[in-house]
Amino acid sequence: MAFEGLAERLQGTLTKIRGKGKVSETDVKEMMREVRLALLEADVNFKVVKQFIASVKEKALGQEVMKSLTPGQQVIKVVNEELTALMGGEQSKIAVAPKSPTVVMMVGLQGAGKTTTTAKLANHLRKKHNRQPMLVAADIYRPAAIKQLETLGKQLNMPVFSLGDQVSPVEIAKQAIEKAKEDHHDYVLIDTAGRLHIDETLMDELKQVKEIAKPDEILLVVDAMTGQDAVNVAESFNEQLDVTGVVLTKLDGDTRGGAAISVKAVTNTPIKFAGMGEKIDQLEPFHPDRMASRILG
Ligand code: GDP
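Residues numbered from 1 in each chain as written. Predicted model: local features only at pLDDT ≥ 70, side-chain atom pairs only at ≥ 80, totals over all residues. Heavy atoms only, no water.

As a reminder of what qualifies: UniProt positions are given in the numbering used here, feature names are shortened, and annotations may be inferred rather than shown by experiment.
The name an unreviewed UniProt entry gives the protein is Signal recognition particle protein, with Halalkalibacter okhensis as the organism. Word for word, the UniProt comment on the protein under Function (unreviewed entry) is "Involved in targeting and insertion of nascent membrane proteins into the cytoplasmic membrane. Binds to the hydrophobic signal sequence of the ribosome-nascent chain (RNC) as it emerges from the ribosomes. The SRP-RNC complex is then targeted to the cytoplasmic membrane where it interacts with the SRP receptor FtsY."

Below, the structure is given as structure tokens:
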């Protein structure tokens, strides 16, 4: 499970202060030094850590009662609130277009889990929101991506729009949206192509698809296991495409968790979902408050 190391360290640090009836400035400083190290070790972006520590210190020390008699619990509450805020505060929900269908473009690097996440999201929308999504196979470059989406569609008993791998993704997107309107689908999920690295050709093509599809939501799928790289990838995609949300995959692995904590702060793009396993139902809405509590115990 993600965050195990971080959770263990933070909980160890916080335990020392939890029982205290009085918390001095020195106690807070000492604790924050340990929290800082724990976050850095968990691969949280250093600028993010710096900001976080500064704001916790300010809030914890700024509290009137703190100066004299303050239970350690109060400091922990501040840490929890700040960690929640750092990861996005309120839960960010998936877009709903005023007029159906809502178009969602799925983007990301190859291997991040984009195709799997497209199917997982379709399943989530039907199960939890009673929607009728249509999947679109527009990843024409990765061998087997189309087949993979079709197989997942079959498994879900959900239509997959495909024109093979000889038609441009722009044309596929265009025709798919027309078809979705005809068939009264309320969500269109477009699985676009990824590459091993970000390159201009990939971005140009995604921009063209964006232009045609006019998505209500562009979800960037990033692999949480890649740590700071995930944050860098998010920054680049966001600069080029104005991403509206992030899906962090593989949070079930033993990732140190830095990506989950830094993505929102660095890119100002909310994490909307978390992938918690390979199975089709292992996608969860991302709740910053629950994640913070999970980390802090
Ligand atoms: P794409 O190239 O981005 O379309 O990636 P795929 O959807 O093919 O996924 C790549 C691999 O990651 C596959 O083996 C998926 O089963 C796996 N995967 C995707 N999401 C998750 C997740 O949340 N947890 C785990 N453990 N594996 C995942």
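Moving on from the model shown.
### Section: the overall build of the protein
Threshold: Working definition: helices are DSSP H or I runs of at least four residues, strands are E runs of at least two. Numbering for both runs from the N terminus. Within these notes, the globule rule equals 2.2 Å times the number of residues to the 0.38 power, and the radius of gyration is based on C-alpha atoms. Partly exposed describes any residue whose relative accessible area lies between the buried limit of under 20% and the exposed limit of over 50%, with all areas from a 1.4 Å probe on protein chains only and scaled to the type maximum. Residue contacts follow a heavy-atom distance rule, with two residues in contact if any of their heavy atoms lie within 4.5 Å. In short, Shrake-Rupley with a 1.4 Å probe defines the accessible areas, and a residue's cover is counted only from the protein chains shown. When charges are tallied, Lys and Arg are placed among the positive residues and Asp and Glu among the negative ones, while His and the ends of the chain are skipped. All charge positions are set by atom: Lys at NZ, Arg at CZ, Asp at CG, Glu at CD.
A tally of helices and strands in the protein yields eleven helices and eight strands. Computed over C-alpha atoms, the radius of gyration of the protein comes to 21 Å, within 12% of the 19 Å expected from 2.2 N^0.38 for 297 residues, which places it in the range of a compact globule. Across its three principal axes, the protein shows a C-alpha extent of roughly 70 × 35 × 30 Å. Counting across all 297 residues of the protein, residues that qualify as buried make up 53%. Taking the intrachain contacts of the protein between residues at least 6 apart in sequence as the baseline, contacts between residues at least 24 apart amount to 78%. Accessible area for the protein stands at about 14000 Å²; split by element, carbon and sulfur atoms hold 49% of it. Of the charged side chains in the protein, 39 are positive and 40 negative, and the gap between their average positions amounts to 4 Å.

### What about the packing of helix 1 (residues 4-18) against helix 11 (residues 288-296)?
Note the cut-off: Axis lines are fitted through C-alpha atoms, for helices just across the contact stretch, and the angle between N-to-C directions can take any value from 0 to 180 degrees. Between 65 and 115 degrees an angle is taken as roughly perpendicular, under 35 as roughly parallel, over 145 as roughly antiparallel, and anywhere else as oblique. Under the scheme applied, nonpolar residues are Ala, Val, Leu, Ile, Met, Phe, Trp, Tyr, Cys and Pro; charged residues are Asp, Glu, Lys and Arg; polar residues are all the others, including Gly.
Where helix 1 meets helix 11, the axes come as close as 7 Å, and the angle between the chain directions of the two elements is 75°. Here helix 1 is positioned roughly perpendicular relative to helix 11, judged by the angle of their axes. On the side of helix 1, the interface is formed by Leu6, Ala7, Leu10, Gln11, Leu14 and Arg18, while helix 11 contributes Arg294, Ile295 and Leu296. Class assignment of the residues belonging to the contact of helix 1 with helix 11 gives a composition of six nonpolar, one polar and two charged.

### Some details on the site of the ligand
Convention followed: Distances are taken per atom, and a residue is near a molecule or strand as soon as one of its heavy atoms is within 4 Å of it. Any pair of N or O atoms that falls within 3.5 Å is considered a polar contact. Within protein, one atom must be able to donate a hydrogen and the other to accept it, and sequence-neighbouring residues count only if both atoms are side-chain atoms.
Taken together, 18 residues lie near the ligand, and Gly111, Lys114, Thr116, Asp252 and Glu278 sit nearest. Here threonine 116 contributes a side-chain N or O atom positioned 2.5 Å from an oxygen atom of the ligand. Measuring from an oxygen atom of the ligand, one finds a side-chain N or O atom of lysine 120 at 3.4 Å. Within the complex, 81% of the 580 Å² of free accessible area of the ligand lies under protein. Per-element tally for the shell around the ligand: the top contributor is helix 5 (residues 114-129), with four residues. Its residues placed into classes, the shell around the ligand shows three nonpolar, nine polar and six charged.

### Details of the nonpolar core
Stated formally: Among buried residues, those of type Ala, Val, Leu, Ile, Met, Phe, Trp, Tyr and Cys that are joined through side-chain atoms within 4.5 Å constitute a nonpolar core.
Within the largest apolar cluster, 98 residues are counted, with the highest numbers of intra-cluster contacts made by Leu121, Phe237 and Ile261. Excluding anything up to four places from it in sequence, leucine 121 contacts Ile94, Val104, Met106, Leu189, Leu219, Phe273 and Leu283.

### Some points on the pairing of strand 6 (residues 245-249)
Basically, it comes down to this: When DSSP finds two or more bridges between a pair of strands, those strands are recorded as paired.
Of all five residues in strand 6, five are buried; the element is thus mostly enclosed. Residues Gly245, Val247 and Thr249 point to one face of strand 6 and Val246 and Leu248 to the other, with burial holding for every one of them. Judged from the five bridges that link them, strand 5 (residues 217-223) and strand 6 form a sheet pairing that is parallel. Each residue of the ladder has a partner; that of aspartate 223, found in strand 6, is threonine 249. Pairing between strand 6 and strand 7 (residues 271-275): three bridges, direction parallel. When the sheet's bridge partners are listed, valine 247 is paired in strand 7 with phenylalanine 273.

### With respect to the pairing of strand 4 (residues 187-192)
For strand 4, the buried fraction is high: six of the six residues fall into the buried class. Of the two faces of strand 4, the one carrying Tyr187, Leu189 and Asp191 and the one carrying Val188, Ile190 and Thr192 are both buried. Bridge count for strand 1 (residues 102-108) against strand 4 is five bridges, and the pairing is parallel. Across the sheet, the residue bridging to methionine 106 is aspartate 191, located in strand 4. Both strand 2 (residues 133-138) and strand 4 contribute to a ladder of six bridges, which runs parallel. Bridge pairing in strand 4 links alanine 137 to aspartate 191.

### Quick look at the sheet that holds strand 7
The eight strands are arranged 3-2-4-1-5-6-7-8 in an open sheet whose pairing can be described as mixed. What marks the edges here is a single partner per strand, and that holds for strand 3 (160-161) and strand 8 (283-285). Across the sheet, helix 8 (residues 200-213) touches strand 1, strand 4 and strand 5, and the angle it forms with strand 1 is around 175°.

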